[in-house]
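Reading the structure
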Amino acid sequence: GRHGLEEFLLRMGLERYLPTTARAEGIENLTTPERLRMAFESLGPTFVKLGQVLSNRPDMIPDNFVAEFKKLQDNVGPVAFTVMRAQVEKELGGKLEDHFEWFNEQPLASASIGQVHEAKLHSGEEVVVKIQRPDIARDIQADVAILEFLASMAEKYLPEMRVISPVQIVQEFFALLTYELDYVIEMNTTIRMAENFKDNSRVKIPRVYRSLSTSRILTLEKLNGIRITEVDKLREAGINAAELVDIGARAFFKMVMQDGLFHGDLHGGNLFGMRNPVTGESQIGVIDFGMVGRLSQKARDAFARMVMALVSEDYETLCYEYAELGAIGAGVDFDGFQ
């Protein structure tokens, strides 16, 4: 209500729950995407994360919403360092100083599930430590229950929403968050990604420090690079942006078509332009493997056949492949689609 979204509440029959104090002020000149983005920020980490996920789905939501939701990346207020210090000491045992020579109290990034701090090991190696927010699992469960209710109301009362299946989106989103809440899964995925790219000097995956990682703490090698979206800084550093595009495209194709394990959250904050310290070549650094996709050999083969069908303009085969993957509902006119 405070963000001027009463219309949706009215259409879903929820206006009676709106407090009289929830009145919008100073938002007359803001667009609906801007208002929704601000509402997500007010609602906290789970909603911010949902906005981040949707910002990578221009196939599902309009471009003006995508552009606005992209502003949500890493835009979450940090938790006090005393709280995070206690979390690290609880997970690793002993004092913080037992494990790290130096630990930056100011977070490098503050995201929806955790925040990242720079540190240095006693061996002199520079690392980043990803620390999960205390009680975040409980908060997420409560938030997802609210989201699921809103999604069911949207499907019932907002016909224009049905085409994107809001309830299914929330269910898949919750499954995704459940994986992200266990840093052991992310640790093992990062190790496997590094193994997949061990022979590629143009792609850098950070090293994992297993002894300093748990289900709620993840310690990784620090990558010193420039965010891939900061094109001017890349140019100043002598890193060719077009070359990075080529490296990134080939790396993603390898993940999807050869390895069957691909990064599922490739926004600008997770990709860095770097230089290989040995060869001096341009290099892409990739971080944050909390969200990944997996493809069976059957799915990869189907995608390959789809590409061939497109190239040869064989639309009958293309439609059959879509149907095989379950991408076409039972009610679709197959001939019309072809």
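See above for the structure.
Now for a description of the structure that goes with this document. Sequence positions are assigned chain by chain, starting from 1 and proceeding in written order. Restriction of local features to residues with pLDDT of at least 70 applies here, the model being predicted, together with a cutoff of 80 or more for giving and counting side-chain atom pairs; totals for whole chains, interfaces and linings are based on all residues. To obtain the side-chain values, all non-hydrogen atoms of the structure were included, while hydrogens and water were left out.

Next up on the list: the layout of surface pockets. By rolling a water-sized probe across the atoms, one finds the places where empty space is left. In this structure, the largest pocket encloses a volume near 1400 Å³. Forming the boundary of the largest pocket are 40 residues, of which Leu5, Phe8, Leu36, Phe40 and Leu150 lie nearest the centre. Note on residue classes: Ala, Val, Leu, Ile, Met, Phe, Trp, Tyr, Cys and Pro are nonpolar, Asp, Glu, Lys and Arg are charged, and everything else, Gly too, is polar. Residues belonging to the lining of the largest pocket are distributed by class as follows: 33 nonpolar, five polar and two charged. Here the term cavity refers to a set of points on a 1 Å grid, laid over the protein atoms alone, in which a 1.4 Å probe fits but cannot get out; the term pocket refers to an open set having protein on both sides within 12 Å along at least five of seven lines, with lining residues being those that place an atom within 4 Å of a point. Grid points are joined across faces, edges and corners, and a volume is the space filled by probe spheres set on the points. Volume-wise, the second largest pocket comes out at about 1200 Å³. Lining the second largest pocket are 28 residues; nearest its centre among them are Val53, Arg57, Asp59, Met60 and Glu172. Contributing elements (two or more residues each) for the lining of the second largest pocket: helix 3 (45-55), helix 8 (166-180), strand 8 (261-263) and strand 11 (292-294). Helix and strand assignments follow DSSP, with helices taken as H or I runs no shorter than four residues and strands as E runs no shorter than two, numbered in order from the N terminus.

Attention shifts here to the sheet that holds strand 9 (residues 271-275). Ordered in space as 5-10-9-7, the four strands form an open sheet in which the pairing is mixed. The open sheet has two free edges, formed respectively by strand 5 (203-204) and strand 7 (226-227), since each of these has just one partner strand. When DSSP locates at least two bridges between a pair of strands, those strands are taken to pair. Taken together, the two bridges between strand 7 and strand 9 define a ladder with antiparallel strand orientation. Bridge pairing in strand 9 links Arg227 to Phe272.

What follows deals with the packing of helix 2 (residues 32-43) against helix 3. Fitted lines through C-alpha atoms serve as axes, helices being fitted only where they are in contact, and the angles separating the N-to-C directions of these axes extend from 0 to 180 degrees. It is at 6 Å that the axes of helix 2 and helix 3 come closest, and there the two elements cross at 140°. Relative to helix 3, the element helix 2 is oriented oblique. Note on packing geometry: the crossing formed by helix 2 with helix 3 is left-handed. Every residue of helix 3 that contacts helix 2 at Phe40, Glu41 and Leu43 is listed here: Pro45, Phe47, Val48, Leu50 and Gly51. Partitioned by chemical class, the residues of the contact of helix 2 with helix 3 number six nonpolar, one polar and one charged. Every angle not falling under 35 degrees, over 145, or within 65 to 115 is termed oblique; those three ranges are roughly parallel, roughly antiparallel and roughly perpendicular. Helix crossings are classified by the rotation of the near helix relative to the far one: an anticlockwise turn of less than a right angle makes the crossing left-handed, while a clockwise turn makes it right-handed. Any pair of residues with heavy atoms lying within 4.5 Å of one another is described as a contacting pair.

The next thing to look at is the pairing of strand 6 (residues 217-221). By the criterion of burial, strand 6 is predominantly enclosed, with four of the five residues buried. Sheet topology places strand 4 (residues 126-132) next to strand 6; five bridges connect them, and they run antiparallel. Note on strand 6: the bridge partner recorded for Val128 is Leu220. Buried residues are those whose accessible area, probed at 1.4 Å on protein chains only, stays under 20% of the maximum for their type, while exposed residues exceed 50% and partly exposed ones sit between those limits.

Okay, the pattern of salt bridges next. Each reported salt bridge corresponds to a side-chain nitrogen of Lys or Arg within 4 Å of a carboxyl oxygen of Asp or Glu. For the structure shown, the criterion picks out 24 salt bridges. For Arg138, the salt bridge is made with Asp139, and the minimal N-O distance between the two is 3.7 Å. Under the relative-accessibility criterion, Asp139 is labelled partly exposed at 33%. Between Arg250 and Asp246 there is a salt bridge, with the nearest N and O atoms lying 3.1 Å from each other. Placement of the pair is Arg250 and Asp246 together in helix 11 (residues 241-259), with a separation of four residues, close to one helical turn. Accessibility expressed as a relative area gives 39% for Asp246, which makes it partly exposed. When salt bridges with common partners are traced through the structure, they connect Arg37, Glu41, Glu68 and Lys71 into a single cluster.

Once that is clear, we can look at the packing of aromatic side chains. Ring geometry is summarised as follows: Phe, Tyr and Trp rings, the Trp one being its six-membered ring, pair when their centres sit within 6.5 Å, and such pairs are stacked at plane angles under 30 degrees, edge-to-face over 60 and tilted between the two. For the structure shown, the criterion picks out eight aromatic pairs. Considering the side-chain rings of Tyr322 and Phe337, the 5.8 Å spacing of their centres and the 70° angle between planes classify their relative orientation as edge-to-face. Linking Tyr322 in helix 13 (residues 315-324) with Phe337 in helix 14 (residues 334-337), this pair joins segments that are 15 residues apart in sequence. In this structure an aromatic cluster arises from ring pairing among Phe40, Phe47, Phe65 and Phe69. When the NZ atom of lysine or the CZ atom of arginine is within 6 Å of a ring's centre and also within 35 degrees of its normal, the charge is said to sit over that ring. Over the aromatic face of Tyr183 sits the side chain of Lys130, whose NZ or CZ is 5.4 Å from the ring centroid.

Patch building starts from residues that exceed 30% relative accessible area and form no salt bridge, then joins like charges within 9 Å and nonpolar side chains (Val, Leu, Ile, Met, Phe, Trp, Tyr) within 5 Å. Surface exposure here means Shrake-Rupley accessible area, sampled with a 1.4 Å probe, where a residue is shielded only by the protein chains that are shown. Within this scheme the basic residues Lys and Arg register as positive and the acidic residues Asp and Glu register as negative, but His and the chain ends are omitted. Note that the charge is assigned to NZ on lysines, CZ on arginines, CG on aspartates and CD on glutamates. A cluster of acidic side chains, namely Asp314, Glu316, Asp333 and Asp335, defines a negative patch on the protein surface. Among the structural elements, Asp314 can be located in the loop between helix 12 (297-311) and helix 13. Overall, Asp314 belongs to the partly exposed group, its relative accessible area being 31%.

Looking now at the side chain of Gln132. Residue placement: Gln132 occurs in strand 4. Residue classification places Gln132 among the buried residues on the basis of a relative accessible area of 4%. Residues adjacent in sequence count toward polar contacts only when both atoms are side-chain atoms; beyond that, a polar contact is any pair of N or O atoms within 3.5 Å, and within protein one must be able to donate a hydrogen and the other to accept it. Side-chain polar atoms of Gln132 contact the backbone oxygen of Leu181, separated by 2.7 Å. Apart from the residues within four sequence positions on either side, Gln132 is in contact with Met84, Gln87, Ile113, Gly114, Leu181, Tyr183, Ser215 and Arg216.

It is worth spelling out the nonpolar core at this point. The set of buried Ala, Val, Leu, Ile, Met, Phe, Trp, Tyr and Cys residues whose side-chain atoms join them within 4.5 Å is what this entry labels a nonpolar core. Membership of the largest hydrophobic core comes to 29 residues, with the highest contact counts inside it found for Phe69 and Ile140. Mapped onto this core, the elements with two or more residues apiece are helix 3, helix 4 (63-69), helix 7 (136-157), helix 8, helix 9 (183-196) and strand 6. Apart from the residues lying within four places of it in its own chain, the contact partners of Phe69 are Leu36, Arg37, Phe40, Gly51, Leu54, Ser55 and Ile61. Met193, Leu244, Leu271 and Phe289 belong to the second-largest nonpolar core, a separate cluster that totals 21 residues.

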